[in-house]
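Summary of the model geometry
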Amino acid sequence: EITLATLLREGNCRAIKLADAMGISVQAMRRHLRSLEDDGLIEAKQMAIGPGRPSNLWQLTLKGQNLFNNGSGSEKFALELLDSIEDTLPNEMISSLLNNQSRQKANLYRRLIGTGNLIVRLQKLVQLRNAEGYMAEMHPLKDGSASWILNAFHCSIRSIAEKYPIICDQELDLIRSIFDDCQVMRVQWRLESGHSCGFQITPK
């Protein structure tokens, strides 16, 4: 659904912007938004934009976000498994298990991505992440530098990351490991603010 996917990418939008994206009238878009709101998939937040009445900014609800969880059953199983492990093992061992899994994934990514041109490697990473449900995109940083921004607008393991935030730290380490010829830093964290996880990747 184009409207829901646009809201996932943008975080929030006005009806006029969504109407332009779909090539329909604002009136038709407002009717469509009300229908999605009735289904509990989106909600409106009023925000003052200039003089006059406040405008509605539309955003996904948790139910709407969960529509993109193609592997939600697997995520639920993984979370329950981690909870079970947490009941029987010390925290240090759980961290060790998660770190080992992260290293294995980094090794797999490096083999699949290979070496060479940075743009080609980024494109391969985006393909791999999208296959895992992250809805990833890349674009050059608009400051005249050689930096790139890698965004993930959807987290396929969000409920796991919320309970075990070490996974988010490992994600940064994973990307640094893949692009060891670059400086990598997190510029946005979906769990704290914003509507995506973002990483800035700059050649050294």
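Right, let's walk through the structure included here. Since the structure is predicted, the reported quantities are computational estimates derived from the model, not experimental observations.

With that out of the way, let us pick up the overall build of the protein. Of regular secondary structure, the protein possesses 9 helices and 6 strands. Sequence separation of 24 or more characterises 48% of the internal contacts of the protein that already satisfy a separation of 6 or more. Split by element, the accessible area of the protein, about 11800 Å² in all, is 52% carbon and sulfur.

Two elements in contact, helix 6 (residues 91-113) and helix 7 (residues 118-131), have axes whose closest approach is 10 Å; the angle formed by their N-to-C orientations is 125°. Considering their axes alone, helix 6 and helix 7 lie oblique with respect to each other. The interaxial crossing formed by helix 6 with helix 7 has right-handed handedness. Facing helix 6, whose interface residues are Lys105, Tyr109, Leu112 and Ile113, helix 7 presents Arg121, Lys124, Leu125, Leu128 and Arg129.

Turning our eyes to something else, we now look at the sheet that holds strand 5 (residues 182-188). The strand order across the open sheet built from 4 strands is 3-4-6-5, with neighbouring strands paired in antiparallel fashion. On the outer flanks of this sheet lie strand 3 (136-140) and strand 5, each paired with one strand and no other. Put simply, the sheet's adjacent strands are angled 20° from each other on average, direction ignored. As judged from the 5 bridges shared by strand 3 and strand 4 (residues 148-152), these two strands associate in the antiparallel manner. Paired with Met138 across the bridge in strand 4 is Leu150.

All right, on to the environment of Met29 then. With respect to the helices, strands and loops of the structure, Met29 is situated in helix 3 (residues 26-38). Judged by its relative accessible area of 0%, Met29 falls in the buried class. The spatial distance from the C-alpha of Met29 to the C-alpha of Ile16 is 7.9 Å, given a sequence separation of 13 residues. With sequence-adjacent residues up to four places away left out, Met29 is seen in contact with Thr3, Ala15, Leu18, Ala19, Met22 and Ile24.

Burial of strand 4 is extensive: 5 of the 5 residues sit out of reach of the surface. Burial along strand 4 is two-sided: Trp148, Leu150 and Ala152 facing one way and Ile149 and Asn151 facing the other are all buried. The pairing of strand 4 with strand 6 (residues 197-203) spans 5 bridges and is classified as antiparallel. Counted as the bridge partner of Asn151 is Gly198 from strand 6.

A word on the pattern of salt bridges. Evaluation of the coordinates by the stated rule reveals 6 salt bridges. A salt bridge links Glu37 to Arg34, with the nearest nitrogen and oxygen atoms 3.1 Å apart. Here the residue Glu37 and the residue Arg34 both occupy positions in helix 3, the gap between them amounting to 3 residues, near one helical turn. On the basis of relative accessibility, which here comes to 29%, the residue Glu37 falls in the partly exposed class. The partly exposed category is assigned to Arg34, whose relative accessible area is 41%. Its salt-bridge partner being Arg121, residue Asp181 comes within 2.8 Å of it at the nearest N-O pair. Taken as a pair, Asp181 in the loop between helix 9 (166-178) and strand 5 and Arg121 in helix 7 lie far apart in primary sequence, 60 residues in all. Residue Asp181 is classed as partly exposed on the basis of its relative accessible area, which comes to 36%. Shared partners join several salt bridges into a network, and the residues in it are Lys105, Arg129, Glu132, Glu171 and Arg186.

Right, let's get into the nonpolar core. Residues Leu118, Leu125, Ile175, Ile178, Phe179, Val184 and Ile201 are the most contacted members of the largest nonpolar core, which totals 23 residues. Counting residues per element, the ones that place at least two in this core are helix 6, helix 7, strand 4, helix 9, strand 5 and strand 6. Look past the residues within four positions of Leu125 in its chain and what remains in contact with it is Tyr109, Ile113, Leu150, Ile178 and Phe179. Of all hydrophobic cores here, the second largest spans 18 residues; its members include Ala5, Val26, Trp58 and Leu60.

Take helix 9 next. Between its terminal C-alpha atoms helix 9 stretches 18 Å, which fits the 18 Å expected from 13 residues at 1.5 Å a residue. For helix 9, the complete set of buried residues consists of Ile167, Cys168, Gln170, Glu171, Leu172, Leu174, Ile175 and Ile178. Residues of helix 9 that are buried in the fold lie against helix 6, helix 7, strand 4, helix 8 (158-163), strand 5 and strand 6.

Cut-offs and rules
- Residues numbered from 1 in each chain as written.
- Predicted model: local features only at pLDDT ≥ 70, side-chain atom pairs only at ≥ 80, totals over all residues.
- Heavy atoms only, no water.
- Helix = DSSP H or I, 4+ residues; strand = E, 2+ residues; numbered from the N terminus.
- Contact = heavy atoms within 4.5 Å.
- Areas by Shrake-Rupley, 256 points an atom, 1.4 Å probe, with all protein chains shown as cover.
- Axes fitted to C-alpha atoms, helices over the stretch in contact; angles between N-to-C directions.
- Parallel < 35°, antiparallel > 145°, perpendicular 65-115°, else oblique.
- Left-handed = near helix turned anticlockwise from the far one by under 90°.
- Pairing = 2+ DSSP bridges.
- Buried < 20%, exposed > 50% of the residue type's maximum accessible area, 1.4 Å probe, protein only.
- Salt bridge = Lys/Arg side-chain N within 4 Å of Asp/Glu carboxyl O.
- Core = buried A, V, L, I, M, F, W, Y, C linked by side-chain atoms within 4.5 Å.
- Expected span 1.5 Å × (residues − 1).

So yeah, pure geometry; function would need other evidence.
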